[in-house]
Structure formats: C-alpha cells, structure tokens
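One-letter residues, chain by chain:
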Amino acid sequence: PLVTGVQTCALPISTGLFAVNDTKLITSNVELGVFPITILEINLPSSSASTTLSSSNYVEIFDLPSDRRGTDDIILTTDSKLLVTSQSTDGNYYLSQYSYPGGNLEVDIQLSPTISNTASIFTEGGVIYLIDGQSGIVYSIDTTSPYTLTTITAPGFTVQGDRKSTRLNSSH
C-alpha cells in the first residue's frame, strides 16, 4: 500500500522503511552513536489532518545486534519474516531475517566483501535480490544455506527495489 499525505515525524528514522499497510510503517532509529539500533513500528494517525508523530505513535519491536550501526533496507514478507540489511561497526554488511512481530533472529548472513554497500533489497517471483549501492550490481541470494550470492546484472545506474515477498529458509 502507498502511504499518502504529508506526515511530520519527530523520530530520527533510517533509510530502511517498509509500509505494512496504510497506517503502519516499520523502520529503525538512527541516532548517531546510539546503540543498539531499534526496529520500530510507527502507527500513522488515522485522520488526514497533519499530526506530528511522537512516542505515543510508535512501538519498539526489537534491537539489532549491538555491533550493527544502521539499516539500509527493510522488507516484511507475507509469512511474517522481516528481512533487514545492515552494516556492522567494523564495516561489514549483513542480511538478517527476524520473526515478526517477535523479533527473534533466525538467519544472519555476512554479505561483505562481495557486496560493499547494500542499497536495496527486493523480491520477485520468490527470489531475493540485493543491489550493491557502490557498484550497482544486482545479486540474487539463495534462500537456503549456504545462501550463495549470484551476480544477475551490473546496470551501471541506481536501482530501487520492489517490495514483494519471500523469506530465507533457516534449515541447514
């Protein structure tokens, strides 16, 4: 669903943002130097009048691992799996799968050094795709262990993701 209208948000939110429906968003806080990073649900006001969001409009779902310093993208699958791309304090990039809304970490995959900057994650036809923001290369990732990355294309321009559904299979 598309979120319409202009809303003012008093929270420092990340570039990772997912619309669950017309009134609920999932994002993370991104206060510089504040750890751990928390994944949040923001409940938008139901009226069309401009309303400032505050702590009464959001719920903290779970914290990312303490070494993660931000989220790049977030998607929620139809089977209640939250896929989050993030960067660790040592500069490595990760793709993590959490249960939703419980927030239990189910899969955590280091994408670096193959992917040097996760710009977007999206799914199409049951396949998870990641875009390297530095190179523009599009990768697919297997949904079962060992989660192999396969180069799909190197478009040479910035690409934004489409939000469809799949999940990582945590069985080994």
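Since this is a predicted model, take the numbers as computed values, not measurements.

Cut-offs applied
- Residues numbered from 1 in each chain as written.
- Predicted model: local features only at pLDDT ≥ 70, side-chain atom pairs only at ≥ 80, totals over all residues.
- Heavy atoms only, no water.
- Helix = DSSP H or I, 4+ residues; strand = E, 2+ residues; numbered from the N terminus.
- Buried < 20%, exposed > 50% of the residue type's maximum accessible area, 1.4 Å probe, protein only.
- Contact = heavy atoms within 4.5 Å.
- Areas by Shrake-Rupley, 256 points an atom, 1.4 Å probe, with all protein chains shown as cover.
- Phe/Tyr/Trp six-rings, centres within 6.5 Å; stacked < 30°, edge-to-face > 60°.
- Lys NZ or Arg CZ within 6 Å of the ring centre and 35° of its normal.
- Polar contact = N/O pair within 3.5 Å; in protein donor to acceptor, adjacent residues only side chain to side chain.
- Pairing = 2+ DSSP bridges.
- Axes fitted to C-alpha atoms, helices over the stretch in contact; angles between N-to-C directions.
- Salt bridge = Lys/Arg side-chain N within 4 Å of Asp/Glu carboxyl O.
- pLDDT = per-residue confidence, 0-100.

**Details of the overall build of the protein**
Within the protein, the secondary structure is distributed over zero helices and 14 strands. Traced from its N-terminal end to its C-terminal end, the protein shows the element sequence β-β-β-β-β-β-β-β-β-β-β-β-β-β. Taken across its 172 residues, the protein has 42% of its residues classed as buried. Considering only contacts within the protein whose residues lie at least 6 apart along the sequence, 38% involve residues at least 24 apart. On the protein, roughly 8500 Å² of surface is accessible, and the fraction owed to carbon and sulfur atoms is 49%.

**A look at the packing of aromatic side chains**
Within this structure, the stated rule accounts for two aromatic pairs. A cation over a ring is seen here: R68 above Y94, with NZ or CZ 3.7 Å from the ring centre.

**Quick look at the side chain of Q97**
Checked against the element boundaries, Q97 lands in strand 9 (residues 93-99). A polar contact is formed between the side chain of Q97 and the side chain of E106, at a distance of 2.7 Å.

**Things to note about the sheet that holds strand 14 (residues 149-153)**
In space, the four strands of this open sheet follow the order 11-12-13-14, with antiparallel pairing throughout. Either end of the sheet is taken by a strand with one partner, and the two such strands are strand 11 (118-124) and strand 14. On average, each strand axis in the sheet is tilted by 30° relative to the strand beside it, whichever way the strands run. In terms of strand pairing, strand 13 (residues 138-141) meets strand 14 through four bridges, oriented antiparallel. Within the sheet, the bridge partner assigned to I141 lies in strand 14 and is L149.

**Points about the pattern of salt bridges**
Considering all chains together, one arrives at four salt bridges under this definition. A salt bridge links E106 to K81; the nearest nitrogen and oxygen atoms lie 3.0 Å apart. Of this pair, E106 sits in strand 10 (residues 105-110) while K81 sits in strand 8 (residues 81-88); the two residues are 25 residues apart in sequence, bridging distant segments of the chain. Under the relative-accessibility criterion, K81 is labelled buried at 15%. Overlapping salt bridges bring together D67, R68 and D108 as one network.

**Some points on the pairing of strand 8**
Burial runs high along strand 8: eight of the eight residues are buried. Where burial is concerned, the two faces of strand 8 agree: the one with K81, L83, T85 and Q87 and the one with L82, V84, S86 and S88 are both buried. Two elements, strand 8 and strand 9, share seven bridges in a ladder whose sense is antiparallel. Bridge pairing in strand 9 links L82 to Y98. Between strand 8 and strand 9, which follow one another and run antiparallel, lie four residues, and G91 among them has a positive phi close to 95°.

**Comments concerning the confidence of the model for the protein**
On average, residues of the protein carry a pLDDT of 76, and 71% of them reach 70 or more. Across residues 1-13, confidence stays below pLDDT 50; counting only partners more than four residues off in sequence or on other chains, it has 31 contacts. Counted against residues more than four places away or in other chains, residues 158-172, with its pLDDT under 50, gives 54 contacts.

**Section: unusual backbone geometry**
Residue P101 follows Y100 across a cis peptide bond; omega there is 10°. As for its placement among the helices and strands, P101 is situated in the loop between strand 9 and strand 10. Although it is not a glycine, S80 adopts a positive phi angle of roughly 60°. With respect to the helices, strands and loops of the structure, S80 is situated in the loop between strand 7 (68-76) and strand 8. On the basis of relative accessibility, which here comes to 33%, the residue S80 falls in the partly exposed class. Here the phi dihedral of Y147 falls at roughly 55°; this positive angle occurs in a residue that is not glycine.

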